[in-house]
Amino acid sequence: MAGLEMGANLVAQEAAMLQIEDVSKTYPGARPVLQGVSLHLDAGETLALTGESGSGKSTLLHLAGALDGFDSGEITLAGTRLSGLDDSGRAALRRGCVALVFQQFNLIPSLTVAQNLSFHARLAGRQDPAWIRDLTDRLGLGELGARYPEQLSGGQQQRVAIGRALAARPALLLADEPTGNLDETASDAVMDLMLELVRVSGTALFLVTHSERIAARLDRRAHLSGGRIA
Amino acid sequence: MIGAALQALASHWRRHPLQLGTLLAGLALATALWSAVQAINAEARASYARAASQIGGATLDVLEAPGGPMSRARYVALRRAGWQLSPVLEGRTRLGEEQVTLLGLDPLTHPPLPAFEAAMQADQATLAQMLTQGGLLLASPELVSALKDVPGLPPLRASDSVPPGMVITDIGLAERLLARPDQIDRLLILPQQPMQLTPLDQLAPDLQRRASRAGADTARLTDSFHLNLTAFGLLSFAVGLFIVHGTVGLAFEQRRAMVRTLRALGLPVWLLAALMLAELLALALVGGLLGLGLGYLVAAALLPDVAATLRGLYGAPVAGGLSLRPSWIVGGLAMALIGTLAASAQALWRMLRMPLLAAPGLQAWAQRAAQGDRRMALAGLGLIAAGIAALALIKGLIGGFALIAGLMLGAALLLPPVLAALLGLGRHLTRGPLGEWLWADTRAQLPGIGLALMALLLALAANIGVGTMVSSFRLTFTGWLDQRLVSELYLTARDDAQGAEIARWLAPRSDAVLPIRAAEFTVQGNPVTVYGVVDHPTYRDNWPLLDRTPDAWAQVNAGQGVFINEQLARRADLWPGDVVQLAPGWVLPVAGVYSDYGNPTGQAITALPALLTHARAVPNRRFGVRIVPEAVPDLIEALRAKFDLPASALIDQAGLKSRSLAVFDKTFVVTGALNLLTLGVAGFAILTSLLTLWSLRLPQLAPVWALGLTRGRLARLELARSLLLATFTALLALPLGLALAWVLLAVINVQAFGWRLPMYLFPLDWLRLFLLALLAAGLAAALPARRLYRLPPSELLKVFANAR
Ligand SMILES: Nc1ncnc2c1ncn2[C@@H]1O[C@H](COP(=O)(O)OP(=O)(O)OP(=O)(O)O)[C@@H](O)[C@H]1O
Ligand SMILES: [Mg+2]
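The name given to chain B in an unreviewed UniProt entry is FtsX-like permease family protein, with the source organism recorded as Antarcticimicrobium sediminis. UniProt's Subcellular location (unreviewed entry) comment on chain B is quoted here verbatim: "Cell membrane".

**Student:** What am I meant to see in the UniProt feature "domain: ABC3 transporter permease C-terminal" (unreviewed entry) in chain B here?
**Tutor:** The UniProt entry lists residues 231-355 and 675-793 of chain B under the feature "domain: ABC3 transporter permease C-terminal" (unreviewed entry), expressed in the numbering used here. Along residues 675-793 of chain B the backbone is 87% helical and 0% strand, and the end-to-end C-alpha distance reaches 42 Å.

**Student:** Is there a simple way to explain the packing of helix 15 (residues 433-484) of chain B against helix 23 (residues 669-706) of chain B in this structure?
**Tutor:** Any two packed helices are characterised by how steeply their axes cross, that is the angle between the axes, and by the distance between the axes. All names here are of chain B. At a minimum axis distance of 8 Å, the contact between helix 15 and helix 23 shows a crossing angle of 175°. Taken together, helix 15 and helix 23 sit at an angle that is classed as roughly antiparallel. A per-class count over the contact of helix 15 with helix 23 returns 17 nonpolar, eight polar and two charged.

**Student:** Would you take a moment to explain a nonpolar patch on the surface for this structure?
**Tutor:** A contiguous nonpolar surface patch, about 210 Å² in accessible area, is contributed by Leu277(B), Leu281(B) and Leu341(B). When you line up the elements, Leu277(B) lands in helix 11 (residues 269-314).

**Student:** Would you mind showing me how to read the site of ligand 1 here?
**Tutor:** Ligand 1 sits among 15 residues. The nearest are Ser53(A), Gly54(A), Lys57(A), Ser58(A) and Thr59(A). Ligand 1 is flanked by residues contributed from chains A and B. Take Gly56(A): an N or O atom from its main chain is 3.0 Å from an oxygen atom of ligand 1. Here the shell around ligand 1 gets three residues from one element, more than from any other, and that element is helix 2 (residues 57-64) of chain A. When its residues are assigned to classes, the shell around ligand 1 shows two nonpolar, nine polar and four charged.

**Student:** Help me understand the interface of chain B and chain A in this model?
**Tutor:** The accessible area lost on association of the parts is a frequent measure of interface size. Listed as interface residues are 31 residues of chain B and, on the opposing side, 32 residues of chain A. Each partner contributes to the roughly 2,900 Å² buried at the junction of chain B and chain A, and carbon and sulfur atoms together form 57% of this total. Connecting chain B to chain A are two salt bridges. Two residues, Arg122(A) and Glu436(B), come together in a salt bridge whose shortest N-O distance is 3.0 Å. Along the contact surface separating chain B from chain A lie seven residue pairs in polar contact (both at pLDDT 80 or more). Broken down by secondary-structure element, the contributors of at least two residues to the side of chain B that touches chain A are helix 13 (362-394), helix 15, helix 23 and helix 26 (793-797) of chain B. Here the side of chain B that touches chain A gets seven residues from one element, more than from any other, and that element is helix 15 of chain B.

**Student:** In this structure, what is going on with the pairing of strand 17 (residues 586-594) of chain B? I would like to understand it.
**Tutor:** Side-chain direction in a regular strand flips from residue to residue, so the side chains alternate between the two faces of the sheet. All names here are of chain B. Across the nine residues of strand 17, seven count as buried, placing the element largely inside the fold. Note: strand 14 (residues 545-548) against strand 17, three bridges, orientation antiparallel. Counterpart to Leu545 in the pairing with strand 17 is Tyr594. Note that strand 15 (residues 562-565) and strand 17 share four bridges and pair parallel. Counted as the bridge partner of Val562 is Val590 from strand 17. In the sheet, strand 16 (residues 579-583) pairs with strand 17 via four bridges, with the strands oriented antiparallel. Within the sheet, the bridge partner assigned to Val579 lies in strand 17 and is Pro589. Hairpin connection of strand 16 to strand 17: two residues between the antiparallel strands, including Gly585 at a positive phi of 85°.

Procedures and definitions
- Throughout, a residue's number is its position along its own chain's written sequence, starting from 1.
- For this description, chains carry letters from A and ligands carry numbers from 1, given in the order in which they are written.
- Since the coordinates come from a predicted model, pLDDT governs what is reported: local features require at least 70, and pairs of side-chain atoms require 80 or more to be given and counted, while whole-chain, interface and lining totals use all residues.
- For the side-chain quantities, the full set of heavy atoms in the structure was used; hydrogens and water were omitted.
- UniProt positions are given in the numbering used here, feature names are shortened, and annotations may be inferred rather than shown by experiment.
- The helix count covers DSSP runs of H or I at least four residues long, the strand count covers runs of E at least two residues long, and both are numbered beginning at the N terminus.
- Between N-to-C directions, angles span 0 to 180 degrees; the directions come from axes that are lines fitted to C-alpha atoms, helices contributing only their stretch in contact.
- Oblique is the label for any angle not under 35 degrees, not over 145, and not in the 65 to 115 range, which are roughly parallel, roughly antiparallel and roughly perpendicular in turn.
- Ten residue types, Ala, Val, Leu, Ile, Met, Phe, Trp, Tyr, Cys and Pro, are classed as nonpolar, four, Asp, Glu, Lys and Arg, as charged, and the remainder, Gly among them, as polar.
- Patch definition: residues with relative accessible area over 30% and no salt bridge; like charges joined within 9 Å; nonpolar side chains (Val, Leu, Ile, Met, Phe, Trp, Tyr) joined within 5 Å.
- Residue burial considers only the protein chains on display, and all accessible areas are found by Shrake-Rupley using a 1.4 Å probe.
- Put simply, a salt bridge is a Lys or Arg side-chain nitrogen that is within 4 Å of an Asp or Glu carboxyl oxygen.
- A single heavy atom is enough: if one lies within 4 Å of a molecule or strand, its residue is considered near that molecule or strand.
- For this analysis, a polar contact is any N or O atom pair within 3.5 Å, provided that within protein one partner can donate a hydrogen and the other can accept it, and provided that sequence-adjacent residues contribute only side-chain to side-chain pairs.
- By the convention used here, residues are in contact when the closest approach between their heavy atoms is within 4.5 Å.
- Joining two parts hides part of their accessible area as seen by a 1.4 Å probe, and the buried area is that hidden amount summed over both.
- For every residue, the accessible area (1.4 Å probe, protein chains only) is compared with the maximum for its type, and the residue is labelled buried under 20%, exposed over 50%, or partly exposed between those bounds.
- Paired strands, in this sense, are two strands between which DSSP finds at least two bridges.

Shown next, in the form of structure tokens:
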């Protein structure tokens, strides 16, 4: 019995890509944003996080991406506890296991599209030219490789951002309203691509969105309100 | 409405106090260095003017004997013939510890002098007192206090209008103090003359009439020095304006949104422009006033050294104290205002023509800059070519400065395109994403930091150029001193009789006693001191000849040739093979040209007997003594005991050399100080442009951080970026600085001083300067880098926040 339980636990731990337990966060000089949030995400699973503006969705996403520290609780990302990590430990984790897509795209302005696409993968030391070529084709960016980000439309920029995120084959993709800046047509196209690529590469997706329509397309959904998951 | 708009505009400065401080500091620094130089120049000019007005009747013609002083009898004879003349006796002498120029005048006939007038207004007794046996000495207040404890001097009176280092007195007293009884150096020809006089060239054909040289020489000689200082001041001013340009540009950039809102609220564009202009002018006024205060302090600190320079190099008397002139204040403020307007015109213009759409992104900026780069490169090359053409066409000092201006400005314009090319090259040579990003990103930063780097380039090049000039000069000068000062001991006797006595006494006690005797002549209207030397190997083996005929020494020792100094050779265009007329009936071929650094006037050397036949009353008081160096101290003791000579009359070679070098070093303290200040300002310019770029910088750094770099790593990369740019700039500054040094040595020096110096290279100095540049750039980058390192992640995350 004990052995079996331990085994199941181990499997569960391995399967849980992201484990958030009772996490609280307060920005200096402000009211608490997160008050005991718990959440988990399995490998390859897709999860939509909804909530009102200012409810702390982005904050939670940032904590999950090892971008910022939290006050209490624990976050385990791909088996690593975040609470004990220093700056360089967090940076290594960001390089190695997660990738981020933001509403503002946040490409690196001084690099070309092609350089932006491969940047994260090369930084993580996991460059796979065949996969990047494949990604470029699927995202329809083949023609745009030599351009600079600001010479692209919003939809094009977001496709570059998704390509950059997935090029490194991360275990977890964090996306904060990735289509919030795009019109409906562009938004649908970008979402379709993202969901398909996530499936193809077996990446888990943690997506913040305001859109019911988009949330409905994901495996699971969670709602953040009053600093907790409702 | 105006009040509300003003409040809105001003609120920006309240929220960005550092920016305000930087702007004011840039303005203050620019104004300070510029007005410091102006204050120094004005002070020196005032001193020259005072000197010129004292030497008296600067506009009067003068009658002189070519071969030296004339006798009182000549003067009396001419007076008898009806000529209205006033005698002058002038000479250098030592009163106590002070070396002074003693000007002996006849107060009854001399044209009115400011010093007399002032003294006589103060009390009626002056004239009488001046003429009585006891006499009276007029001198500047500083000199009076230095002389007041010297025993045996006639009463002293202070007068502000006597130039520094000069004592004015009655000619009778001057004769005694100078030990030149019955002598007159020149006769002023007074403006009012009776009718029907016998012309002077019949009465006294041997006397020469010439326009007074008072002031003109000093002005001509020192003009170039002041031009040098002014050029430096202008350079510092320009470097300071880089800071102003940077901060104003940023302030306007950050207020775009506010301006848009104000315009949307119905504020007319012209009113907005007027308000922003008024704001700029107010800031300029505050910065300018701060700069004036700072400039006054800098000038006061530097003036004593400048005064020493002018005295040492040109013999021009300048006081060490600074006075506050209204014209200087107005001029400094005007410069601050004009500079501010010039530095902000672009930002203001852009702001007013701003489209009501979003600002263009970084890459567009860089792309625009790339187009601008090509234009700038062309303009830069054009400026350099124009400078070279100017030197070829105009020649002379102006041509030299035009070349310097063209070189410096052209190189500054060339800097961004050259840096861009270098960074592009670096990018091609790098593998790995971070390296690639670093080069590309640095390239993208260029438009923002380019101006500061130009400032650094100019400061470094000026440092290398002036440093190379000064060090080359110093090296040449020390070598030359070794050649020139061969005698182990130099002594000055009280008078000719004592001189002869000492020479006799010394003859058996030394290897050689070499008389140093000279008389004044005029060559092509300029004074020339002609030395007569005896035939001795001391001269033959050591004299620093630059050019000579094959049997030069034989010619000179036979009195059949003359050596002239480089200044005279260049000014009069006389070279070996030419002949020079030293006096009517005394024409000698030029046998050689020797270097004679630090001497403002012409000089010549021939055999002593030849000199004695052409000049009367050549004093015989100074001697060089050859003796084994170990015996010098004992000999000095013995001489002092036997002949009762003051300490100043006996100088050993080492003492003379160190004294000469001290004067030399003091000469260039000012340039050194200005150099360092300019470098400091350039470092500050880098800091300000980095700080101003800070807010633009975060959105570029945050994604890289999010992708897995620590803040510490990013901060180190930011530091490395600045060091990289500083390194490239310093490498480019080296050839520019050497070109500048060449122009200074081969063009400016020849025009300004009359001598051409060989150029030496000082790689250790470059290394030191390179490290200084890295230090400046590193310090400038350290502050923003530290800020980045300490930045809480939540601040970086704001970049990704949706509502931006
Ligand atoms: N970097 C930060 N520093 C300080 N306070 C912050 C920061 N980021 C967010 N906040 C505050 O934390 C609260 C939650 O913000 P958060 O951005 O997480 O909300 P959100 O759910 O993503 O909102 P939205 O849907 O508008 O993006 C807000 O009150 C916000 O003001
Ligand atoms: Mg959000």
